[in-house]
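Summary of structural features
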Amino acid sequence: MVIMPIDVPELVEQVLAGSRQHIAKALTLVESSKPAHREKAREMLRLLAPHTGDAIRVGISGVPGAGKSTFINAMGTKLIDEFNYKVAVLAVDPSSTRTGGSILGDRTRMGDLCNRDEAFVRPSPSGGHLGGVARATREAMIVMEAAGYNVVLVETVGVGQSEVAVAGMVDTFLMLSVAGTGDQLQGIKKGILELADVVAVNKADGDNAGNARVSARDLSIAMKLVSSDADKRRVPVLTCSSYTKEGLDDVWQAIVDHRAYLEADGSLQARRIEQQREWLWNMVRNEILESLDTDPSVQQVAEKIEAGLGTEATNALEGAEQILRAFAHAVPGLPWA
Ligand code: GDP
């Protein structure tokens, strides 16, 4: 990935001015794990951060096929047309390969939105571990908010850990379900429903409309069972269709209401501070893991030790010590030096 040379103040100025070309460059920068890029990225994010905080941050989850892309396409277009919003779409899918088949945020599945000047759709950073993808997405949110996007939608696959990561970066978590797929029960099993602030049974159109209403009622009961603060706020369970656009108004209203609810009792601020705290430690852990994985001198030692495993010369305990020593040497000040 070649994104040099980078003039950070110039990049920041252009991002703040909303230049799409520079936003794309800034996103590529935060997606890189190269140490030189990380340094530039941090400098850029420090300058962009004061221009963030006002956007409505929404996570959207649901099993593959639940209709997330179609929903985001319809909802995003609606927000642009009705509220004059600028809408950013990001995605967290650690299995994404970018060149492979199933890519969240795929341009072809969000055709209308991708054609709008007021929208910016970015597929998930490819591959790697969830921590790295989540970091890049968290930082991409800062870029998009600073660039003047009023709504940031973060799409994720309904598989568990990605949801937890996304819930840690948004204000409101919307779970899309579909009638008759049994995914509401899977959702409960994996604890995803517990993360949901708003639930919508999607594809409530044509012959499906009746089933969707029944499913919404069932889910509403299930939500009460998994809800931990039942007496404080009932999680609304709605129905909608991205085809007919019916119910989309109500879903958006529920998202806005949830944010107002958080703002009213001060918990939006508390939630964001807690997210910052989690974020802080994720960054520390990630940076350590990334330098462990990428530092050439550590890798050199590690390769030698791995090659020697199973022989008399090396055992795992000693090998670990040697790798940690090499790591400490690469990062001065650590206790193993
Ligand atoms: P994703 O995998 O969750 O992103 O799902 P997609 O947006 O790709 O949609 C999966 C399938 O469901 C596609 O064939 C869509 O055309 C269809 N679909 C999406 N939204 C609706 C809807 O509101 N009503 C109906 N009937 N079908 C839908």
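An account of the accompanying structure is given in this report. Because the structure is a prediction, the values reported are computed rather than measured.

**Quick look at a nonpolar patch on the surface**
- Together, L280, W281, V284 and I288 make up an exposed nonpolar region whose accessible area comes to about 370 Å².
- As for its position among the elements, V284 is in helix 11 (residues 267–294).
- A residue is classified by how much of its surface remains accessible, and V284, at 37% relative accessible area, is partly exposed.

**Regarding the environment of E10**
- Inspection of the secondary structure puts E10 in helix 1 (residues 8–16).
- C-alpha separation for the pair E10 and M169, spaced 159 residues apart in sequence, amounts to 27 Å.

**Overview of the packing of aromatic side chains**
- All told, the structure shown has two aromatic pairs when counted by the stated rule.
- Ring geometry for F83 versus Y85: centroids 5.3 Å apart, planes at 20°, classification stacked.
- You can call F83 partly exposed: its relative accessible area is 39%.
- Relative to Y149, the ring of F120 lies with its centre 6.5 Å away and its plane at 85°, an arrangement referred to as edge-to-face. Of this pair, F120 sits in strand 3 (residues 119–121) while Y149 sits in the loop between helix 6 (130–146) and strand 4 (151–157), and the two are 29 residues apart along the sequence. The residues F120 and Y149 share a single accessibility class, namely buried.
- Lying over the aromatic face of Y149, K86 brings its terminal NZ or CZ to 4.5 Å of the ring centre.
- One residue, R138, lies across the ring of W279, its end atom 5.4 Å from the ring centre.

**A word on the nonpolar core**
- Ranked by size, the top nonpolar core spans 36 residues in total, and within it I23, M44, L48, V143, M144 and V152 carry the most contacts.
- When contributions to this core are tallied by element, the ones reaching two or more residues are helix 1, helix 2 (20–31), helix 3 (35–48), strand 2 (87–92), helix 6, strand 4 and helix 7 (161–167).
- For this core, the element with the highest residue contribution is helix 6, accounting for eight residues.
- Look past the residues within four positions of I23 in its chain and what remains in contact with it is V15, G18, F120, V143, M144, A147 and Y149.
- Judged by nonpolar contacts, the second largest core, of 29 residues, contains V89, A119, L174 and V198.

**Here's the deal with the packing of helix 2 against helix 3**
- Running from amino to carboxyl end, helix 2 crosses helix 3 at an angle of 125°, the nearest separation of the two axes being 8 Å. In terms of orientation, helix 2 lies oblique with respect to helix 3. Handedness of the crossing formed by helix 2 with helix 3: left-handed. Residues A26, L29 and V30 of helix 2 form the contact with helix 3, whose participating residues are H37, R38, K40, A41, M44 and L45.
- A breakdown of the residues in the contact of helix 2 with helix 3 according to their chemical character gives six nonpolar, one polar and two charged.

**Brief notes about the site of the ligand**
- Around the ligand lies a shell of 16 residues, among which G65, T70, D205, S242 and Y243 are the nearest.
- At a separation of 2.8 Å, an oxygen atom of the ligand approaches a polar backbone atom of G65.
- At a separation of 2.7 Å, a nitrogen atom of the ligand approaches a polar side-chain atom of D205.
- For the ligand, whose accessible area on its own is 580 Å², the fraction buried by protein is 75%.
- Here the shell around the ligand gets three residues from one element, more than from any other, and that element is helix 4 (residues 68–83).

**Considering the sheet that holds strand 1 (residues 56–62)**
- With parallel pairing, the seven strands of this open sheet are ordered in space as 3-2-4-1-5-6-7. The open sheet has two free edges, formed respectively by strand 3 and strand 7 (237–239), since each of these has just one partner strand. Each adjacent strand pair in this sheet contributes to an overall mean axis angle of 25°, direction not counted.
- For strand 6 (residues 198–202) and strand 7, the ladder comprises three bridges, and the chain directions are parallel. Of the residues in strand 7, the one forming a bridge with V199 is V237.
- Against the sheet, helix 4 engages strand 1, strand 2, strand 3, strand 4 and strand 5 (172–178), with an angle of about 175° to strand 4.
- In the packing of helix 6 onto the sheet, the strands contacted are strand 1, strand 2, strand 3 and strand 4, and the crossing angle to strand 2 comes to about 175°.

Rules used throughout
Residues numbered from 1 in each chain as written. Predicted model: local features only at pLDDT ≥ 70, side-chain atom pairs only at ≥ 80, totals over all residues. Heavy atoms only, no water. Patch = residues over 30% accessible without salt bridge, like charges linked within 9 Å, V, L, I, M, F, W, Y side chains within 5 Å. Areas by Shrake-Rupley, 256 points an atom, 1.4 Å probe, with all protein chains shown as cover. Salt bridge = Lys/Arg side-chain N within 4 Å of Asp/Glu carboxyl O. Helix = DSSP H or I, 4+ residues; strand = E, 2+ residues; numbered from the N terminus. Buried < 20%, exposed > 50% of the residue type's maximum accessible area, 1.4 Å probe, protein only. Phe/Tyr/Trp six-rings, centres within 6.5 Å; stacked < 30°, edge-to-face > 60°. Lys NZ or Arg CZ within 6 Å of the ring centre and 35° of its normal. Core = buried A, V, L, I, M, F, W, Y, C linked by side-chain atoms within 4.5 Å. Contact = heavy atoms within 4.5 Å. Axes fitted to C-alpha atoms, helices over the stretch in contact; angles between N-to-C directions. Parallel < 35°, antiparallel > 145°, perpendicular 65-115°, else oblique. Left-handed = near helix turned anticlockwise from the far one by under 90°. Nonpolar A, V, L, I, M, F, W, Y, C, P; charged D, E, K, R; others polar. Near = heavy atom within 4 Å. Polar contact = N/O pair within 3.5 Å; in protein donor to acceptor, adjacent residues only side chain to side chain. Pairing = 2+ DSSP bridges.

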